[in-house]
Structures are given as C-alpha cells and as structure tokens.
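# Observations on the model geometry
This is what each chain is made of:
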Amino acid sequence: RRTAKIMCGICGYMSFSDEALISPETICRMTDAIKHRGPNDSGCALFQAGTDQALTFKEPGGASGCGRVALGHRRLSIIDLSSLGHQPLSSADGNLWLCLNGEIYNYIELRETLESYGRQFRSKTDTEVALQAYKQWGPDCFNRFNGMWSVALYDREKNQIILSRDRFGKKPLYYYKNDRVLVFSSEIKSLFQCAETPRKPNFRKIYNYAGRHYRYVDWDCESFFEEINQVPRSSLMIINADGSTDTRVYWSLHNEPLLTERHSERDLIEILKCLLADAVKIRLRSDVPVGTMLSGGIDSASITCLAANINPGLLTFSSVTGDG
C-alpha cells in the first residue's frame, strides 16, 4: 500500500554553450539516481540542439544525439494513477514541458477556474492543472497554488527554464550553475551524474549542522557542497538560454494580515481550528489509501484526530528505532 507521503523526483539540464550539450545517457543516469523517489513510472525528454524535435524515452537507447535541454522524472502515483499522469508532461502544442514533485492540494478548485477560461484537460492530475495554470497566468500562477511542490518547466518558445519551490520549501530542489550549464535535481546525488558538477565539501555548512544545530540545514540556500544551492523557498527562478537568471519571490509571510489586530483570543482559537481542519481535509485528496505517522506529539495526534473524523478508514503508523 502507498501512503500520501508525496515523494516524486525531478531533474534536468540546460546548456548555455554548444560545447556542453547533454546526452540521453546522462539524463537517464540523473533520473535513475533518484528512482527510489518514484517507483511507479519514469520518463525523460531531450530537446535536440538546432531542431524543434523533442525526444521522449525511458532508457538511453530510446534516443540518439545530444541536446541543449533535458528533463527527467520519477513518479509516485497519487492522483490519477493512469498513464495520463506520465511526466515530463507537455502542453498540446508541445511548447511547454513540466515536471512536478509534490502535490497541488487545491488543484480541483484551480481546474474549475481554468475551465471557466476555456482551458481543456486530458487527465485528472494536478500536474496538468499546474501546466495549464502557467499557460493562463504565467509565473504568477505559483502564488495561486496551495500545496508542497518543486516544479521544473521548460518554455520552448521563450527558451527558458522555470524552477519553483513551495512557500515553506517542503520539497527540495538543488541546482548547480556556471557559465556553461544549469543542472538541477531533487537530490544532490543526481547532480553528480553530470560531469560538470563539482564535488567540494561546504565545511561551514557541515560545521553549522554537526556542531551547532540541525536547524541550520535550511537556514539559507546553501548545501553541504560548495556551489550547489537550493532554489529559494517561496520563489521562482527563470533561467534564460544565455545563462542570465531572474529570481522572484512570489509570496512572503510578512505580507499576510495579522489576525491578532482585530480578533480576540477566543476568535483566534476558532479560526485556528477551522484552518487546521480545512488543511487536513484538502490533503486527504488521493486515489490511493492515505495514512498518518504517529510520533506521540500533540501535532500528529491532532492531525490524525481530524483526518479520522473525515476518513474513518485512515491508516496510522509508528516508528521504532530499536536503540533505546
């Protein structure tokens, strides 16, 4: 049985030089390095240099030649288990290609809004909703998403790659960039499948983690390796064919209104209860069984209580390390 611990994997590559093209073998190695994140399906897309051709394949033998851009995906099927959820997912005209790790919780509401604008859908996936949302609103679409995600989107017409992470950075997205290439992935081990990626320990980051506190892992955008960084949370990065980059913050907690200015303590308690119940309910959208992890704390117990009221067949799990 699967649980709704969303854990797909995405990766990709963009060359800024004719001397740094990517082969089918390389993007397949990058995708295979994160196969544990998505056991249900895999896919790669390679965009050959100097042509309009997009090659899609699962094994390196399924394509020939090198390209300027490549995308890879490993899928854990949660929403719409059919083959229509295969990624990288392309728009009907073949201009946009998208890979998603995570889940857009409000995809049903977004889909209804997009349909009112005349957008048509081939699947029931939240991935296609994300793709159509970008077609409708461009980079502004990310501020409309309620979820946890890392997204990689290739716009062939503009020759841009767009990388985005959710508001609090729940889903990882690492990248390495120099004046020749951009390489990105859900995990650093995948980046190392590309010869361009350096392997230099970031001793300052390692010290902060091992000698100070684990909270320093996500204190900034650095990783345990020099020159390998994370896409900032609440942000999107637009990378152009010449290597120029535009990083934008699409959401900030500081811009949210303070409820304490106009509500009593009793009101705030009721608001919190309603928000928490709504947050749990929307996360139970799934085409596979859903479970919760019981840690013994008030947070997991509260979530499980709310979820069980909505779904009496809820699965629960506990973890025992055996060391105490």
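Residues numbered from 1 in each chain as written. Predicted model: local features only at pLDDT ≥ 70, side-chain atom pairs only at ≥ 80, totals over all residues. Heavy atoms only, no water.

In spatial order, the strands read β5-β6-β7-β8-β12-β13; together these 6 strands make up an open sheet with antiparallel pairing. Each of the sheet's edge strands pairs with one partner strand only, and the pair in question is β5 (89–90) and β13 (245–249). Taken together, the 2 bridges between β5 and strand β6 (residues 96–104) define a ladder with antiparallel strand orientation. Bridging from a neighbouring strand, Leu89 pairs with Leu98 of β6. Contacts from helix α3 (residues 126–137) reach β5, β6, β7 (147–155) and β8 (160–165) within the one sheet, and its direction differs from that of β6 by about 125°. (Pairing = 2+ DSSP bridges. Helix = DSSP H or I, 4+ residues; strand = E, 2+ residues; numbered from the N terminus. Contact = heavy atoms within 4.5 Å. Axes fitted to C-alpha atoms, helices over the stretch in contact; angles between N-to-C directions.)

On to the sheet that holds strand β3 (residues 54–57), then. Read across the open sheet, the 7 strands follow the order β3-β2-β4-β1-β10-β9-β11; overall the sheet is antiparallel. What marks the edges here is a single partner per strand, and that holds for β3 and β11 (228–230). Recorded for the sheet is a direction-independent mean angle of 15° between the axes of neighbouring strands. Summarising the sheet, strand β2 (residues 41–48) and β3 pair through 4 bridges and their orientation is antiparallel. Considered in β3, the bridge of Ala45 is made with Thr56.

What follows is about the confidence of the model for the protein. Residues shown with low pLDDT carry predicted positions that ought not to be read at fine detail. Across the protein, the average pLDDT comes to 92, with 96% of residues at or above 70. Confidence drops under pLDDT 50 across residues 1–6; counting only partners more than four residues distant or on other chains, this segment forms 22 contacts. (pLDDT = per-residue confidence, 0-100.)

Let's shift gears to the pattern of salt bridges. Opposite charge on two side chains lets them pair, provided their charged atoms get close. Within this structure, the stated rule accounts for 13 salt bridges. For the salt bridge of Arg180 with Glu196, the shortest nitrogen-to-oxygen distance reads 2.7 Å. Residue Arg180 is found in the loop between β9 (174–177) and β10 (181–185), and its partner Glu196 is found in the loop between α4 (188–191) and α5 (203–212); the two are separated by 16 residues along the sequence. Overall, the relative accessible area of 28% leaves Arg180 in the partly exposed class. The salt bridge partner of Lys273 is Glu270, with a shortest N-O separation of 3.7 Å. (Salt bridge = Lys/Arg side-chain N within 4 Å of Asp/Glu carboxyl O. Buried < 20%, exposed > 50% of the residue type's maximum accessible area, 1.4 Å probe, protein only.)

Turning our attention to the nonpolar core. Phe142, Phe145 and Trp149 are the most contacted members of the largest nonpolar core, which totals 31 residues. With 6 residues, α3 is the single largest residue contributor to this core. Excluding its chain neighbours within four sequence positions, the residues that come into contact with Phe145 are Ile104, Asn106, Leu110, Ala130, Ala133 and Arg167. Of all hydrophobic cores here, the second largest spans 23 residues; its members include Cys11, Phe57, Val181 and Val183. (Core = buried A, V, L, I, M, F, W, Y, C linked by side-chain atoms within 4.5 Å.)

On the surface, Phe203, Ile206, Tyr209, Tyr214 and Phe224 cluster together into a nonpolar patch covering about 550 Å² of accessible area. Tracing the sequence through the fold places Phe203 in helix α5. A relative accessible area of 60% places Phe203 in the exposed class. (Patch = residues over 30% accessible without salt bridge, like charges linked within 9 Å, V, L, I, M, F, W, Y side chains within 5 Å. Areas by Shrake-Rupley, 256 points an atom, 1.4 Å probe, with all protein chains shown as cover.)

Right, let's talk about the state of the cysteines for a bit. Throughout the structure, instances matching the rule amount to 0 disulfides. Take Cys8: it sits in no disulfide, and the sulfur closest to it among the cysteines is that of Cys99, at 10.0 Å. (Disulfide = S-S within 2.5 Å.)

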